[in-house]
Amino acid sequence: MELKITCIPGDGIGPEIIAEARKVLCAVAEKYGHTISYTDVLMGGASIDVHGVPLTEEAVAAARNADAVLMGSIGGDAATSPWYKLPPNLRPEAGLLSIRKALNLFANLRPAVLYDELTGACPLKEEISKAGFDMLIMRELTGGLYFGERRTTEENGVKTAVDTLVYQEHEIRRIAVKGFEIAMKRRKKVTSVDKANVLDSSRLWRQVVEDVAKAYPEVTLEHMLVDNCAMQLVRDPAQFDVILTENMFGDILSDEASMVTGSIGMLASASLNDTKFGLYEPSHGSAPDIAGKDIANPIATVLSAAMMLRYSFDLDEAADAIENAVKQVLKEGYRTADIFSDGCTLVGCRQMGDLLAERV
Ligand code: IPM
Ligand code: MG
């Protein structure tokens with residue numbers, strides 16, 4: 001099979017972790033007889049430096065032209081980087097939001113799994129972590145507060161800022177369908193998270209999710225308020241299978257969920273539209289403080305590449321090979337600094353990539 005991939009290395013540790021993911025993809029392609037062609041494009045700060053904007057139309061066209069996009073990370077240190085002196089719509093993050101919208105990537109899948117080998121890194125009490133957990137956050141990605149109208153005005157010396165949270169029924173329905181579909185392939189439980197005790201958008205969310213649920217009688221649906229969910233994630237994470245939620249709640253809860261795994265450097269993500277096309281990126285950010293030091297953990301990006309093989313190319317066997325390689329390397333005791341514990345072997349980003357490529 002010929003895999004046509006557009007690559008966005010991005011900023012900070014992005015280029016380093018992408019290089020390792022490509023190393024692993026190369027090994028897997030060789031093993032299973034696939035060929036991969038890459039087109040590299042700039043986004044975020046790297047694009048600002050060259051083109052003056054965080055995302056060009058050419059970059060979007062290159063992404064559209066591929067079967068999938070593999071991305072590193074974008075953004076810099078907001079306190080020191082000149083990118084953050086630009087107006088908000090020209091900063092690195094605006095590039096990411098624009099490409100999600102341009103490619104209609106409304107479904108963001110963020111798995112948060114506690115790896116057996118890494119239970120020591122889990123910040124929860126042992127009596128909680130010993131149950132283990134394996135959840136998938138299904139975050140709506142192209143609507144809500146991040147895409148509603150916004151403005152800041154000043155009248156008579158009083159500054160006012162407004163952001164609008166808008167959801168249309170069809171936007172809720174299509175993400176809910178994705179949530180239930182994936183729950184059918186997992187443990188058949190959906191926790192829909194909202195703030196229906198306050199927000200109209202959440203009340204509509206709840207209504208539409210209940211309607212969609214009728215087509216999935218095997219799936220258990222429960223509703224949970226977002227503040228309670230934030231608490232439950234640290235109190236009893238094992239209760240969750242699929243968490244289905246809107247854009248901002250998903251942004252916040254997915255960071256929390258990844259932190260309770262103790263290994264944000266391990267968590268992959270996929271952003272999908274209604275076709276096989278997807279954008280795959282680690283759940284973590286660009287970590288500018290450790291960029292270029294060969295200490296970043298490439299595993300989240302490698303696992304994102306595995307998600308790409310699974311969802312965009314239906315290459316389950318190749319995806320399994322990558323996921324097993326990750327488990328194997330962890331079992332052998334190799335760790336990057338972020339997941340290191342006593343008795344393990346500390347390795348850098350490149351060596352971790354080499355080890356994974358050898359084991360696929
Ligand atoms: C994420 C990030 C982005 C988001 C930022 C960088 C715009 O936090 O992917 O979670 O909020 O979606
Ligand atoms: Mg986020």
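Source: prediction; values computed, not measured.

Colleague: Is there a simple way to explain the site of ligand 1 in this structure?
Modeller: Every residue near ligand 1 is listed here: Glu93, Arg100, Arg110, Arg139, Tyr146 and Asp251. Arginine 139 has a polar side-chain atom sitting 2.8 Å from an oxygen atom of ligand 1. Considering only residue class, the shell around ligand 1 consists of one nonpolar, no polar and five charged.

Colleague: What is the right way to read the packing of aromatic side chains from this model?
Modeller: One pair of aromatic rings is described through two measures. These are the centre distance and the angle between the planes. Counted by the stated rule, this structure contains two aromatic pairs. Look at tyrosine 167 and tryptophan 205: their rings are 5.8 Å apart centre to centre, the planes differ by 70°, and that puts the pair in the edge-to-face class. Here tyrosine 167, found in the loop between β7 (158–163) and α6 (169–184), pairs with tryptophan 205, found in helix α7 (residues 200–213); they are 38 residues apart in sequence, far enough to count as distant. Neither residue differs from the other here; tyrosine 167 and tryptophan 205 are each classed as buried. On the numbers, 5.3 Å between centres and 20° between planes, the contact of phenylalanine 180 with tyrosine 216 is stacked. With a gap of 36 residues between them, phenylalanine 180 in helix α6 and tyrosine 216 in the loop between α7 and β9 (220–225) connect regions that are remote in the sequence. Residue phenylalanine 180 is classed as buried on the basis of its relative accessible area of 0%.

Colleague: Would you take a moment to explain the domain arrangement of the chain for this structure?
Modeller: Accessible area lost upon the coming together of the parts serves often as the stated size of an interface. Split into domains, the chain comes out as domain 1 (1–106 + 268–360) and domain 2 (123–261). If you average the C-alpha positions of domain 1 and of domain 2, the two centres end up 24 Å apart. On the side of domain 2, nine residues touch domain 1, which itself brings 11 residues to the contact. Here domain 1 packs against domain 2, burying approximately 1,000 Å² in sum over the two surfaces, 62% of which is carbon and sulfur. The interface formed by domain 1 and domain 2 contains four residue pairs in polar contact (both at pLDDT 80 or more). Those elements that place two or more of their residues in the side of domain 1 that touches domain 2 are α4 (92–102) and β11 (268–272).

Colleague: I would appreciate a short explanation of the pairing of strand β2 (residues 35–40) in the present structure.
Modeller: Two faces make up the sheet, and in a regular strand the side chains alternate between them. The pairing of strand β1 (residues 2–10) with β2 spans six bridges and is parallel. From the neighbouring strand, lysine 4 faces β2, where its bridge partner is serine 37.

Colleague: Can you walk me through the pattern of salt bridges in this structure?
Modeller: A side chain with one charge can pair with a side chain of the opposite charge if their charged atoms come near. By the definition in use, this model includes 23 salt bridges. As a salt-bridge pair, glutamate 169 and arginine 173 come within 3.0 Å of each other at their nearest N and O atoms. You can see glutamate 169 and its partner arginine 173 sitting in helix α6, four residues apart, about one turn around the helix. Judged by its relative accessible area of 28%, arginine 173 is partly exposed. In this structure, arginine 310 and glutamate 323 form a salt bridge, with 2.8 Å as the shortest nitrogen-oxygen distance. With arginine 310 in helix α10 (residues 299–311) and glutamate 323 in helix α11 (residues 316–331), this residue pair connects regions lying 13 residues apart in the sequence.

Colleague: Before we go on, may I ask you to explain the side chain of glutamate 256 in this structure?
Modeller: Structurally, glutamate 256 can be placed in helix α9 (residues 247–261). Of the side chains with opposite charge, arginine 235 lies nearest to the buried glutamate 256, which makes no salt bridge, at 11 Å. Setting aside residues no more than four positions away along its own chain, glutamate 256 makes contact with Ala230, Leu233 and Val234.

Colleague: Please clarify how the side chain of glutamine 232 should be interpreted in this entry.
Modeller: Relative to the elements of secondary structure, glutamine 232 occurs in helix α8 (residues 226–235). For glutamine 232, a relative accessible area of 9% gives the class buried. Of the polar contacts made by the side chain of glutamine 232, one reaches the side chain of arginine 235; its length is 3.1 Å. At 2.9 Å, the side chain of glutamine 232 and the side chain of glutamine 239 are in polar contact.

Cut-offs used in this document
Residues numbered from 1 in each chain as written. Chains lettered and ligands numbered in written order. Predicted model: local features only at pLDDT ≥ 70, side-chain atom pairs only at ≥ 80, totals over all residues. Heavy atoms only, no water. Near = heavy atom within 4 Å. Polar contact = N/O pair within 3.5 Å; in protein donor to acceptor, adjacent residues only side chain to side chain. Nonpolar A, V, L, I, M, F, W, Y, C, P; charged D, E, K, R; others polar. Phe/Tyr/Trp six-rings, centres within 6.5 Å; stacked < 30°, edge-to-face > 60°. Helix = DSSP H or I, 4+ residues; strand = E, 2+ residues; numbered from the N terminus. Buried < 20%, exposed > 50% of the residue type's maximum accessible area, 1.4 Å probe, protein only. Domains from an automatic or database assignment. Contact = heavy atoms within 4.5 Å. Buried area = accessible area lost by both parts, 1.4 Å probe. Pairing = 2+ DSSP bridges. Salt bridge = Lys/Arg side-chain N within 4 Å of Asp/Glu carboxyl O. Lys, Arg positive; Asp, Glu negative; His and termini not counted.

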